[in-house]
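# Structural overview
Spelled out from the first residue to the last, the chains are:
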Amino acid sequence: KAGVTQTPRYLIKTRGQQVTLSCSPISGHRSVSWYQQTPGQGLQFLFEYFSETQRNKGNFPGRFSGRQFSNSRSEMNVSTLELGDSALYLCASSSRTGAVSGANVLTFGAGSRLTVL
Amino acid sequence: GIQVEQSPPDLILQEGANSTLRCNFSDSVNNLQWFHQNPWGQLINLFYIPSGTKQNGRLSATTVATERYSLLYISSSQTTDSGVYFCAARMDSSYKLIFGSGTRLLVRP
């Protein structure tokens, strides 16, 4: 069973540009979550999607957005990049049903490492 | 929201030693996971353990939900155990997993 696939793995952008990151979940998984990891702030929740609906959003500015497609693949976009957006962006998928409670074992991809110059 | 605290922040061991990592959480949870982050950044699932005890080889974990803490035990540590260990928890009413700040483990040969 293939794992969570994130592309691209590495990318370099300049301030003001925008970036789109992609995440393909494990086959059959319907929930996709995104996290940002920086040395200063640690791992922070960005958003979670289930069946193309955003269920929850973390405390990030509107420059951070995402979406999920009917095949459960997800993309996140960051517009007007700032130096502080340099981070490892991690995507996780789970087979969680619509219910909040219950097992929700997250499996993470290898991440997309973004450097903003 | 829920707070997750891990201790110790850093740990240096000699190969073969045992260690215990702790995770405290501030509210009742329905999901608690332990992860190992390798040097390339990948988070590897170790345990899903909202309560009880589990073992997997040299690793085991115990969560005492009523006292709001979880422990990760590493026995006979190896250099390949080096990396950062995270615990993450989720409250009943939320979809998001909250991570602790991690324990950075270095196992020396």
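Below: a short report on this structure. (Residues numbered from 1 in each chain as written. Chains lettered and ligands numbered in written order. Predicted model: local features only at pLDDT ≥ 70, side-chain atom pairs only at ≥ 80, totals over all residues. Heavy atoms only, no water.)

### Quick word on the overall build of chain B
Filter applied, for reference: Each helix is a run of H or I in the DSSP string that is no shorter than four residues. Each strand is a run of E no shorter than two, and both are numbered from the N terminus. Each radius of gyration is computed over the set of C-alpha atoms, and the globule rule expresses the reference value as 2.2 Å times the number of residues to the power 0.38. When accessible area is computed with a 1.4 Å probe and restricted to protein chains, residues below 20% of their type maximum are described as buried, those above 50% as exposed, and intermediate ones as partly exposed. In what follows, a contact means two residues having at least one pair of non-hydrogen atoms within 4.5 Å. In this count, Lys and Arg are taken as positive residues and Asp and Glu as negative ones, while His and the chain termini are left out. Every charge is mapped to an atom, namely NZ of Lys, CZ of Arg, CG of Asp or CD of Glu.
Along chain B, the regular secondary structure elements total zero helices and eleven strands. Counting from the amino terminus, helix and strand elements in chain B follow one another as β-β-β-β-β-β-β-β-β-β-β. A compact globule built from 109 residues should have a C-alpha radius of gyration of about 13 Å, and chain B, at 13 Å, falls within 12% of that. Seen along its three principal axes, the alpha-carbon backbone of chain B occupies a region of about 45 × 25 × 20 Å. Looking at chain B as a whole, 50% of its 109 residues qualify as buried. Relative to all contacts within chain B whose residues are 6 or more apart in sequence, the contacts with residues 24 or more apart total 55%. Counting 8 positive and 7 negative side-chain charges, chain B places the averaged centre of each group 4 Å from the other.

### A word on the layout of surface pockets
Note the cut-off: Buriedness for pockets is judged along seven lines, at least five of which must meet protein on both sides within 12 Å for an open set on the 1 Å grid over protein atoms alone, while cavities are sets there where a 1.4 Å probe fits but cannot get out, and lining residues have an atom within 4 Å of a point. Grid points are joined across faces, edges and corners, and a volume is the space filled by probe spheres set on the points. Each residue is assigned to one of three groups, with Ala, Val, Leu, Ile, Met, Phe, Trp, Tyr, Cys and Pro labelled nonpolar, Asp, Glu, Lys and Arg labelled charged, and all others, Gly among them, labelled polar.
Estimates place the volume of the largest pocket at around 860 Å³. Around the largest pocket sit 36 residues that line it, and Gln37, Thr38, Gln41, Gly42 and Leu43 of chain A are the ones nearest its centre. Listed by contribution, the elements that provide at least two residues to the lining of the largest pocket are strand S4 (31–38), strand S5 (42–50), strand S9 (87–94) and strand S11 (112–116) of chain A together with strand S9 (83–91) and strand S10 (98–99) of chain B. Of all the elements, S5 of chain A adds the most residues to the lining of the largest pocket, at four residues. Of the residues that constitute the lining of the largest pocket, the class distribution is 16 nonpolar, 16 polar and four charged.

### Some thoughts on the state of the cysteines
Residue and element names in this part refer to chain A. Formally: For the purposes of this analysis, a disulfide is any pair of cysteine sulfur atoms at a distance within 2.5 Å.
Here the structure, examined in full by the defined rule, presents two disulfides over all chains. A sulfur-sulfur separation of 1.7 Å characterises the disulfide bridge that pairs Cys23 with Cys91. Taking the torsion about the S-S bond as the criterion, the Cys23 to Cys91 disulfide, at about -55°, is left-handed. Highlighted residues: Cys23 in strand S3 (residues 19–24) and Cys91 in strand S9, separated in sequence by 68 residues.

### Details of the sheet that holds strand S3 (residues 19–25) of chain B
Residues and elements named next belong to chain B. Here is the rule we go by: Pairing between two strands is assigned when DSSP locates at least 2 bridges connecting them. Geometry is summarised by axes, namely lines fitted to C-alpha atoms with helices restricted to the contacting stretch, and by angles between N-to-C directions that run from 0 to 180 degrees.
An order of S1-S3-S8-S7-S6 is seen for the five strands of this open sheet, with the pairing classed as antiparallel. Each edge of the open sheet carries a strand with a single partner, namely strand S1 (4–7) and strand S6 (52–56). The mean inter-strand angle of the sheet, taken between neighbouring strand axes irrespective of direction, is 15°. For S1 and S3, the ladder comprises four bridges, and the chain directions are antiparallel.

### Looking at unusual backbone geometry
Between Thr7 of chain A and Pro8 of chain A the backbone carries a cis peptide bond, its omega angle lying at -10°. Inspection of the secondary structure assignment puts Pro8 of chain A in the loop between strand S1 (5–7) and strand S2 (10–13). Backbone torsion omega between Ser7 of chain B and Pro8 of chain B reads -10°, so that peptide bond is classified as cis. Following the sequence through the fold, Pro8 of chain B ends up in the loop between S1 and strand S2 (10–14). A positive phi is found at Ser51 of chain A, a non-glycine position, where the angle reads about 50°. Structurally, the position occupied by Ser51 of chain A is in the loop between S5 and strand S6 (53–57). Backbone geometry at Arg68 of chain B places phi at a positive 60°, although glycine is not the residue there. Mapped onto the secondary structure, Arg68 of chain B falls in the loop between strand S7 (59–64) and strand S8 (69–74).

### Some points on the nonpolar core
Selection criterion: Think of a nonpolar core as a cluster: buried Ala, Val, Leu, Ile, Met, Phe, Trp, Tyr and Cys residues, connected wherever their side-chain atoms sit within 4.5 Å.
Core analysis: the biggest nonpolar cluster contains 22 residues, and Leu21, Cys23, Phe25, Leu32, Trp34, Leu72 and Leu105 of chain B have the highest contact counts within it. Counting residues per element, the ones that place at least two in this core are S2, S3, strand S4 (29–37), S7, S8, S9 and strand S11 (103–108) of chain B. Every residue in contact with Leu105 of chain B, bar those within four places of it in the chain, is listed here: Leu11, Leu13, Ile74, Asp81, Ser82, Gly83 and Tyr85 of chain B. Tyr49, Ala87, Tyr89 and Val116 of chain A belong to the second-largest nonpolar core, a separate cluster that totals 21 residues.

Take it as geometry only, folks, not as evidence of what the structure does.
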